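# Examination of the molecular architecture
As a plain string of letters, each chain reads:
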Amino acid sequence: MFHLWWIYEIFRIEISGIDGSAAKFVGYCLDNSEEIVPDRVRPSVLVIPGGGYEMTSDREAEPIAMQFLAAGFNAFVLRYSVKPSVFPIALLEAADAMKMIREHAAEWHVDPEAIAVIGFSAGGHLAANLATSASDDVLAAHGYDPDAVRPNGLMLAYPVITSGPLAHRGSFDSLLGERRNDTETLESVSIEHHIDTKTPPVFVWHTVPDEVVPYENTLMLIDACKKAGVSVEAHLFPQGGHGLSLGIAETAWQGIDGIEPSMQIWTQLAVAWMRRTFAR
């Protein structure tokens, strides 16, 4: 005999890209109990996996959602369009995902004022693009109200931030396609230049030895947040490479490569940050 603390519902929705591509949106929503709080609404997390804008990693999708679900949050995963789709296809899909979560807030037991987005690597760039004023003009040009689709919190793991000298060049090449060398376009998607008072509170972590996305990307983000007066909690870990996800066997490449004890605590830190940030 056993008891489930919560029952959750899984649903899958396809989001059409304006170039004919399709993103996959998956929701994991905790149900309410008549015994506990029948009308509870919960903070929620939109998970955006990385993959250099060439793919979306399984390792940074459902396993991440399960961590937040287990902590009592609703979780959603966006498998956005990647190469050959180019900017702003993925951004518009992320905006559609946020819009959908808020429109269905009552049905999915979501607190519409407590939605965080968490992005990994290039997914971190997409998450930050959505959360900051970097996306405002593009979203408005495509009929979105930028403030209506902006998340209430921004969480990032080893994020791609800058398009400058310390950029992960492959991400920007895939994101921008033929415009990859256009200076104005690169500037428009270099996140550190677009942090302002509209940016929601930030949680970020990185490993210092990251050989793919230099940890200076996160330092630039921290500095920009400080200058703009944006709340930022940052954690730098002394060991581990790029793309570690949870740093455990469950999310390691082939179950072996990517186990790193020093940073496994990040999920506990992120959950604690969520609870403080969205405390009512």
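The written sequence of each chain sets the order in which its residues are numbered from 1. The predicted nature of this model means local features are confined to residues of pLDDT at least 70 and side-chain atom pairs, given and counted, to a pLDDT of 80 or more, with totals for whole chains, interfaces and linings taken over all residues. By convention in this description, side-chain values take in all heavy atoms of the structure and omit both hydrogens and water.

Naming follows an unreviewed UniProt entry, where the protein appears as Acetylxylan esterase of Bifidobacterium longum subsp. infantis.

By the criteria applied, helices consist of DSSP H or I runs no shorter than four residues and strands consist of E runs no shorter than two, each listed in order from the N terminus. Given a helix with a known number of residues, its expected span is that number minus one, times 1.5 Å. Look at helix H2 (residues 89–103): 21 Å from first C-alpha to last across 15 residues, which is about the 21 Å you get at 1.5 Å a residue. Partly exposed describes any residue whose relative accessible area lies between the buried limit of under 20% and the exposed limit of over 50%, with all areas from a 1.4 Å probe on protein chains only and scaled to the type maximum. Counting buried residues in H2 gives 11 out of 15 residues, a clear majority hidden from the surface. When H2 is considered as a whole, its buried residues turn out to be Ile89, Ala90, Leu91, Leu92, Glu93, Ala94, Ala95, Ala97, Met98, Met100 and Ile101.

Walk down a regular strand and you will see the side chains alternate between the two sheet faces. Within strand S5 (residues 110–120), 9 of the 11 residues are buried, which leaves the element mostly enclosed by the surrounding structure. By the bridge criterion, 6 bridges tie strand S3 (residues 42–48) to S5 in an arrangement that is parallel. Following the sheet pairing, isoleucine 48 is matched in S5 by glycine 119. Any two strands with at least two DSSP-identified bridges between them are counted as paired. Relative to strand S6 (residues 153–157), S5 runs parallel, the two sharing 5 bridges. Bridging from a neighbouring strand, valine 117 pairs with leucine 154 of S6.

Counted residue by residue, strand S2 (residues 22–30) has 7 buried out of 9 residues, so it is predominantly covered. Strand direction decides the pairing type here: S2 and strand S4 (residues 74–79), joined by 5 bridges, are antiparallel. Counterpart to valine 26 in the pairing with S4 is valine 77.

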